[in-house]
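Summary of the model geometry
The lines below spell out each chain.
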Amino acid sequence: MRELLLCRPDYYGIEYEINPWMRRTQNAQLDLARSQWKSLHAALQSLGCQVELLEPQPGLPDLVFTANAGLVIGRRFIPSSFRHKERRGEEAHFERWFPEHGFEVVPLPPKLVFEGEGDALFSGDILYCGYRFRSDIQSHHFLADWLNCLVVSLELVDERFYHLDTCFCPLPDGGAIWFPRAFDEYGQRAIREHCGPLIEVAPEEAGHFACNAVVLDRDIVLPSGCPKL
């Protein structure tokens, strides 16, 4: 997890609306986004990360969200198959970058919808997978069979938390940071059953994407605006 892929926000912006946070009438502040990205990049390097860069592309503003590229297991890469047509143009760039850097690409079966590490997070030998808004539960069956591991499927019920990594973050002690209201009742029970100590995020901090953290062993990079967490 000390080897990370980032993409500069040269073309970042709100060019379409595919979640409740996106409004074309209220575009991103590009200078601020670039400044914040540089701070993140510097913070990760200060923690000893090897940061690789994907070249930004015009017309693909969400290419900056590289966790959505797919799922990495060792030197193998399962590329995403995006639900929204606006993001499908990203797929070819990720599918080219990974084999060029020594990864084996393992494609999904046709017609499966899966959005990578946005909806698939390992905690030890367990893979937690979110579904409904961006990924389909059928993709979890493929992952469980191919990886030969326990996959815990979690239904997301609040459209503000459309990816699993916006509301659930595994920690190295087997526990997790989470926002329970983002899950249905079964998902909440499954997390409580399989996880170690759980840290519940306050609603106002969940809205700042407190769970969308970068975990590097005992170093955790959090968004600003989350003092309670």
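Here we summarise the structure given alongside this text. Think of each chain on its own: its residues are numbered from 1, step by step along the sequence as written. Under the rules for a predicted model, residues below a pLDDT of 70 receive no local features and side-chain atom pairs below 80 are neither given nor counted, while totals for whole chains, interfaces and linings still include all residues. Only hydrogens and water are removed before side-chain values are computed, so all heavy atoms of the structure are retained for them.

**Regarding the pairing of strand S1 (residues 3-7)**
- Counting buried positions along S1 yields four of five residues, so the element is predominantly enclosed.
- When DSSP finds two or more bridges between two strands, those strands count as paired. For the purposes of this entry, the term helix denotes a DSSP run of H or I that reaches at least four residues, the term strand denotes a run of E that reaches at least two, and both are numbered from the N terminus. Taken together, the five bridges between S1 and strand S2 (residues 50-54) define a ladder with parallel strand orientation. Residue pairing across strands places Leu6 opposite Leu53, the latter belonging to S2.
- Looking down the strands as they point away from you, a crossover is right-handed if its path from the first strand over the helix to the second goes clockwise. You can see the chain leave S1, run along helix H1 (residues 30-46) and come back into S2, and the turn it takes is right-handed. For every residue, the accessible area obtained with a 1.4 Å probe (protein chains only) is divided by the maximum for its type, and the residue is called buried under 20%, exposed over 50%, and partly exposed between those limits.

**A short note on the sheet that holds strand S8 (residues 150-155)**
- On the basis of which strands lie adjacent, the open sheet formed by three strands has the order S6-S7-S8 and mixed pairing. What marks the edges here is a single partner per strand, and that holds for strand S6 (120-123) and S8. Taken pair by pair, the neighbouring strands of this sheet meet at an average axis angle of 25 degrees, ignoring direction.
- Across four bridges, S6 lies against strand S7 (residues 126-131) in antiparallel orientation. Opposite Ala120, over in S7, you have Cys129 as the bridge partner. Helix axes are fitted to C-alpha atoms over the stretch in contact, other axes to C-alpha atoms as well, and angles between N-to-C directions run from 0 to 180 degrees.

**Structural notes on the pairing of S8**
- Two strands pair when backbone bridges link them, and S7 and S8 are joined in this way by six bridges, in the parallel orientation. Bridged to Tyr128 within S8 is Val152.
- The handedness of the S7 to S8 crossover, carried by helix H3 (residues 138-147), is right-handed.

**Notes on the pattern of salt bridges**
- Any Lys or Arg side-chain nitrogen located within 4 Å of an Asp or Glu carboxyl oxygen qualifies as a salt bridge. Applying the stated rule across the entire model yields 14 salt bridges.
- Arg134 is the salt-bridge partner of Glu115, the closest N and O atoms lying 3.3 Å from each other. Of this pair, Glu115 sits in the loop between strand S5 (104-105) and S6 while Arg134 sits in the loop between S7 and H3, and the two are 19 residues apart along the sequence. With respect to burial, Glu115 and Arg134 carry one shared label: buried.
- A salt bridge links Asp158 to Arg160; its shortest N-O distance comes to 2.7 Å.

**Regarding H3**
- Turning to H3, its buried residues number three or more, namely Ser139, His140, Phe142, Leu143 and Leu147. Taken down its axis, H3 places every buried residue within 160 degrees of arc, on the same side.
- Taken together, the buried residues of H3 touch strand S3 (70-73), strand S4 (76-79), S6, S7 and S8.
- Phi for Asn148, located one or two positions after H3, is positive at around 55 degrees. By arc we mean the arc of the directions from the helix axis to the C-beta atoms, nothing more. Residues count as neighbours in contact if any of their non-hydrogen atoms are within 4.5 Å of one another.

**With respect to the sheet that holds strand S11 (residues 198-200)**
- One open sheet accounts for three strands, arranged S9-S10-S11; its pairing is mixed. Bordering the open sheet on either side are strand S9 (168-170) and S11, each of which pairs with just one other strand. Taken over all neighbouring pairs, the strand axes of this sheet differ in orientation by 15 degrees on average, direction set aside.
- Summarising the sheet, strand S10 (residues 176-178) and S11 pair through three bridges and their orientation is parallel. Paired with Ile177 across the two strands is Ile199, which belongs to S11.
- Strand contacts of helix H4 (residues 185-194): S9, S10 and S11, with the helix running at about 160 degrees to S10, the strand carrying the most contacts.

**A word on the nonpolar core**
- Counting 30 residues, the largest nonpolar core has Tyr128, Leu154, Leu164, Cys167, Phe168, Phe183 and Ile191 as the members making the most contacts within it.
- Counting only elements with at least two residues in this core, the list comes to S7, S8, S9, S10 and H4.
- Tallying contributions element by element places S10 first for this core, with three residues.
- The residues touching Ile191, leaving out its near neighbours within four places in the chain, are Leu154, Phe168, Trp178, Phe183 and Leu198. What is meant by a nonpolar core is a set of buried Ala, Val, Leu, Ile, Met, Phe, Trp, Tyr and Cys residues, joined one to another through side-chain atoms within 4.5 Å.

**Here we look at the state of the cysteines**
- Any two cysteine sulfur atoms lying within 2.5 Å of each other are counted as a disulfide. As enumerated under the stated definition, the model contains zero disulfides in all.
- With no disulfide of its own, Cys7 lies 17 Å from the sulfur of Cys49, the closest cysteine sulfur.
- Of all cysteine sulfurs, the one in Cys129 lies closest to Cys149, which takes part in no disulfide; the gap is 7.8 Å.

**What to know about the side chain of Asp62**
- Relative to the helices and strands, Asp62 is located in the loop between S2 and S3.
- Neither His nor the chain termini are counted; the positive set is Lys and Arg, and the negative set is Asp and Glu. Buried charge Asp62 goes without a salt bridge, the closest partner of opposite sign being Arg87 at 4.1 Å.
- What qualifies as a polar contact is a pair of N or O atoms within 3.5 Å, subject to a donor-acceptor requirement within protein and to the restriction that residues adjacent in sequence count only when both atoms come from side chains. In this structure the side chain of Asp62 is engaged in a polar contact, spanning 3.0 Å, whose partner is the side chain of Tyr16.
- Sequence-distant contacts of Asp62, defined by excluding residues within four places in its chain, comprise Tyr12, Tyr16, Ile18, Met22, Arg87 and Glu90.

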